[in-house]
Amino acid sequence: MSEPLTYYPGENPEHPGPLGRYLPPIPEGVGAAWLRERLSVGAWVLEPFGASPRLVVEAARAGYRLMAAVNNPIARFMLELHANPPTESELRTTLADLAVAQKAGERLEPLLRGLYHSECAECHQPVEVQAFVWERQASAPSSVIYHCAQCNENYERPASAHDAARAERFASGELHKARALERVTPLDDPDRGYAEEALAMYLPRTMYALVTLVNKLESFPLAHRRSLAALLLAVFDQTNVLWPHPAARQRPRQLTTPPRFLEKNTWQALEGAVQSWTLSLGSPSPVPVTLWPNIPPESGGICIYEGRLKDLTDQKRHGTGPIFTAEAALAALPRPNQAYWTLSALWAGWLWGHAANAAFKSVLHRRRYDWEWHTEALYSAMRSLNVLLAPGTPTMCLIGETEPGFFSAALLSAELAGFDLQDVALRLEEGQAQILWRRSEADLSERHPSAGARAQNLPAAIQTAVQDHLRQIGEPASYPHLQAAALHSLTQSHRLLASDDPETPAAERFKQLSAALEEAFVRPNAFSRYGGSSRSLDTGLWWLPGEFAQRRAVQATEPRTSLTDRIETEVVRTLQKVPGITLEQLDEILCVGFTGLFTPSLELIQECLESYGIEHPPGSRTWQLRPEDAPSTRRADLEGMKSLLSKTGTRLGYQVELIETEDGHSILKWLEPGGPAASAFFVIASAMIGNIVFSQHGEDLPTRRMIILPGGRARLIEYKLNRDPRLRSALQDGWQLIKFRHLRRLADDMSLKRENLEKLLDLDPLANRDPQLPLL
Ligand SMILES: [Zn+2]
């Protein structure tokens, strides 16, 4: 029986800090919250990847002992810096020392700043360039970005002949390039050619500045060498060509020069590094860090294993370690990133020389960074983790950039490696997935697909799983969401372990799974689709096939309320129960109520909160149910509306009939005397229109069908219609929405007649931002 997982929202870090664009973007506090709920402090936790320094440090700070296997020396350094941050004054002193250090009798600061001299295009005064803008493969910069003190203005102006000439002067800087190479790979190293390719990420002037700085490292006062390395690491990333211009929110994955990019001022990057480290790390108390086999104190800390998890497994097999039992595993799953891994090998060489880099620099010649390859890599790591963990050990993995390939790679590799998936909690709008496994109680050889699972082919099994899930959520969903539901279901029956050949490699199984997913979704009559293109499954929304959905609706005694509407109900209930609640508290409560694949989006919670709640007092961030939404007030409103409708109908010469349906709706009908119904009105206080427009009473209703609701629901309904094309098209099929206020006005309007009824109804659009919405 699998265990449901509550999504932990956490908090997005305000300052991602140096190298943040390569690290898994996961919220803070998630790992610590998850551990606190299940382990007592002092327990050992295994971190198999060490991809997120924040996650490891946060868990150690919460009182756990983290064993982190970190193969990448840059990732190790990041981890040490996060655990024991240099203070701002330490960084400032380091920068000051560096500024007065000398090269050939000249001080470094004026020397390096001098590389970026230019002239203001407006007033012709000397300026220091912040960045040159380059077009890919050009031989000179195209424009210059600077602040002119004389004009007191920020400018981007075309580069002059002088700027071109100065850039040209560095183009023949072979000496510096050779020095930069030598730090990474000695002359006879077979990886030297790959290191040289990676150096193309730096322009010659930058290379000159960086080598000048790196040359200072070894003679730098020992006390500040670590701070200098921290500053240089940040500068190494700031000054490469992976900064497109104009700036785009971008997380580089490949070493590809953007079409237009910045050559940033190296000295200014150093100054920026002081601030960036200070803001992102703050000044918390340090966390103890040891190198394996030394272990941190029971009060919490980090034990770094400088190698791959597999080596640790071998030690365990030979009885030479590890001496602890991890009570949980926790990780931010790394995604393949050629840029980060290759640059890490370069940077590690620059900071510590090629000897320190020997074990890691093999990443330089790695050429495959696709999902198939990644499945294989994850599988290998998870196999090692399986050996290191006791049966049943909970294993939580966080993904910060969820996409279908990543998801298949993660779920497939863990399943193959002997981990039983418990649950997956998703917030796809934020790219987040939180996945809980347990190290299987059974040995790898004892895990088999159930007989039923084996009988059904993979595409058919996927189709069934996805249709079941759609029925449960009662609304269309995106491909990534449904893919997660499919994989969740397939792992429960171990269907993914079935294969004609048990030796099939993980990468091959990834390919088979991707093909089966594709086949399941594009099968004729398997699903209906809203939007999207035939080229990609990952666009538009998916729903049950038309014929199938209808048959279900007729059979169903009660239509399944959509997940969105269930969440709305819960928000209202919570606001009633907990006056003075904050959005964050509400979010947590909702995530407990709707676990795993049912986790509500924060946006939906916010929309519901704004519809039913009022911030009281204003600016306090605490919310209460709006007075007009108090249950007694709304009951009175509903009765009032029914009575108005009834009076107005009678006045217009109709017979009025009130039906209370089994599912709790009040339908008020206006009938021609002795004849058919002319209008039907549904009076509601919520934004839950789905149950009305999809319910089967639709069939005996007249063409004029109206839902009467409070004006306060308009925005929430608009939000729902924008998200759910199925709801939108059902509503467009002859429904009108009327606000309470408008109905009151109509009832008071003595000029109202049967003839002008339509026109008067049209006068008060509920939401007029989108003219296509039938909201009146
Ligand atoms: Zn100027």
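In every chain, residue numbers begin from 1 and rise along the written sequence. Local features in this predicted model are restricted to residues of pLDDT 70 or higher, and side-chain atom pairs are both shown and tallied only at a pLDDT of 80 or more, whereas totals for entire chains, interfaces and linings draw on every residue. Based on all heavy atoms of the structure, the side-chain values leave hydrogens and waters out of the count.

Quick word on the overall build of the chain
Next up, step 1: Only DSSP runs of H or I covering at least 4 residues are called helices, and only runs of E covering at least 2 are called strands; the numbering of each starts at the N terminus. On a plain count of helices and strands, the chain comes out with 29 helices and 24 strands.
Next up, step 2: Counting only C-alpha atoms and orienting by the principal axes, one finds that the chain spans roughly 105 × 75 × 50 Å.
Next up, step 3: Burial classes follow relative accessibility: with a 1.4 Å probe on protein chains only, a residue under 20% of its type's maximum area counts as buried, one over 50% as exposed, and anything between as partly exposed. Buried positions account for 56% of the 776 residues belonging to the chain.
Next up, step 4: Working rule for contacts: check all heavy atoms of both residues, and any pair within 4.5 Å makes them a contact. Counting contacts in the chain only where the partners sit at least 6 residues apart, residues at least 24 apart contribute 70% of the total.

Things to note about the nonpolar core
Next up, step 1: Think of a nonpolar core as a cluster: buried Ala, Val, Leu, Ile, Met, Phe, Trp, Tyr and Cys residues, connected wherever their side-chain atoms sit within 4.5 Å. Ranked by internal contacts, the top residues of the largest apolar core, which has 115 residues, are Tyr202, Phe236, Ile302, Trp347 and Trp350.
Next up, step 2: Here this core gathers at least three residues from each of two domains, domain 1 (1-85 + 284-335 + 346-447) and domain 2 (89-274).
Next up, step 3: Beyond its immediate chain neighbours, meaning those up to four positions away, Phe236 contacts Tyr202, Leu210, Val214, Trp347, Trp350 and Leu351.
Next up, step 4: Listed in part, the 108 residues of the second largest apolar core include Leu312, Cys397, Leu496 and Leu727. Where a domain begins and ends is set by an automatic assignment or by a domain database.

Thoughts on the coordination of the zinc ion
Next up, step 1: Sites may look incomplete, because water is not among the atoms used; the donor set itself consists of N, O and S atoms within 2.8 Å of the metal (3.2 Å for Na, K and Ca). Protein-derived ligands of the zinc ion are Cys120 (SG), Cys123 (SG), Cys148 (SG) and Cys151 (SG), with the metal-ligand distances lying across 2.2 to 2.4 Å.
Next up, step 2: If you list the donors of the zinc ion from N- to C-terminus, the spacing comes out as C-x2-C-x24-C-x2-C. Of the two residues, Cys120 sits in the loop between β5 (117-119) and β6 (126-135) while Cys151 sits in the loop between β7 (143-148) and β8 (153-158), which places them 31 residues apart along the sequence.
Next up, step 3: Residue Cys120 is classed as buried on the basis of its relative accessible area of 1%.

Brief notes about the domain arrangement of the chain
Next up, step 1: Domain annotation for the chain reports domain 1 (1-85 + 284-335 + 346-447), domain 2 (89-274), domain 3 (457-555), domain 4 (577-628) and domain 5 (635-761).
Next up, step 2: Between the C-alpha centres of domain 2 and domain 3 the distance comes to 49 Å.

Things to note about the sheet that holds strand β15 (residues 432-439)
Next up, step 1: Spatially, the eight strands line up as an open sheet ordered β10-β11-β2-β1-β12-β13-β15-β14, and their pairing is mixed. Looking at which strands have only one partner, the edges of the open sheet turn out to be β10 (289-291) and β14 (419-427). Between one strand axis and the next, the sheet turns by 20 degrees as a mean value, whatever way the strands run.
Next up, step 2: In terms of strand pairing, strand β1 (residues 44-47) meets strand β2 (residues 65-69) through four bridges, oriented parallel. Of the residues in β2, the one forming a bridge with Glu47 is Ala68. Should DSSP find at least two bridges between two strands, the strands are regarded as paired. Under this scheme, a helix contributes an axis fitted over its contacting stretch, all axes are lines through C-alpha atoms, and angles between N-to-C directions fall in the 0 to 180 degree range.

Some points on the confidence of the model for the chain
Next up, step 1: For the chain, mean pLDDT is 91; residues scoring 70 or higher make up 96% of the total.
Next up, step 2: On a scale of 0 to 100, pLDDT captures the predictor's confidence in every residue. Every residue in residues 551-559 is under pLDDT 50, and counting partners more than four places away or in other chains gives six contacts.

Here's the deal with the packing of aromatic side chains
Next up, step 1: Put simply, two rings from Phe, Tyr or Trp (the six-membered ring, in Trp's case) pair if the centres are within 6.5 Å, and we call them stacked under 30 degrees between planes, edge-to-face over 60, tilted for the rest. Following the criterion strictly, the structure yields 19 aromatic pairs and no others.
Next up, step 2: With 5.0 Å between their ring centres and 80 degrees between their planes, Phe236 and Trp350 make a pair best called edge-to-face. Remark: Trp350 occurs in helix α13 (residues 338-357) and Phe236 occurs in helix α10 (residues 225-238); sequence separation between them is 114 residues.
Next up, step 3: Accessibility expressed as a relative area gives 0% for Phe236, which makes it buried.

So, the sheet that holds strand β20 (residues 655-660)
What holds strands together in a sheet is hydrogen bonding between their backbones, with the strands either parallel or antiparallel.
Next up, step 1: Spatial ordering of the open sheet is given by β20-β21-β22-β23-β24, a layout of five strands whose pairing is mixed. The open sheet has two free edges, formed respectively by β20 and β24 (735-739), since each of these has just one partner strand. Recorded for the sheet is a direction-independent mean angle of 25 degrees between the axes of neighbouring strands.
Next up, step 2: Relative to strand β21 (residues 666-671), β20 runs antiparallel, the two being bridged by six bridges. Bridge assignment links Gln655 to a residue of β21, and that residue is Leu671.
Next up, step 3: Of the strands in this sheet, β20, β21, β22 (677-683) and β23 (704-709) touch helix α24 (residues 631-651), which is tilted by about 10 degrees from β21.

As for the pairing of β7
Next up, step 1: Counting buried positions over the six residues of β7 gives five, a clear majority of the element.
Next up, step 2: The pairing of β6 with β7 spans four bridges and is antiparallel. Looking at the pairing, Val129 lines up with Tyr146 of β7.
Next up, step 3: As paired strands, β7 and β8 are joined by six bridges and run antiparallel to one another. Bridged to His147 within β8 is Asn154.
Next up, step 4: Following β7, the chain reverses through four residues before pairing antiparallel with β8; Asn152 in that reversal takes a positive phi of roughly 50 degrees.

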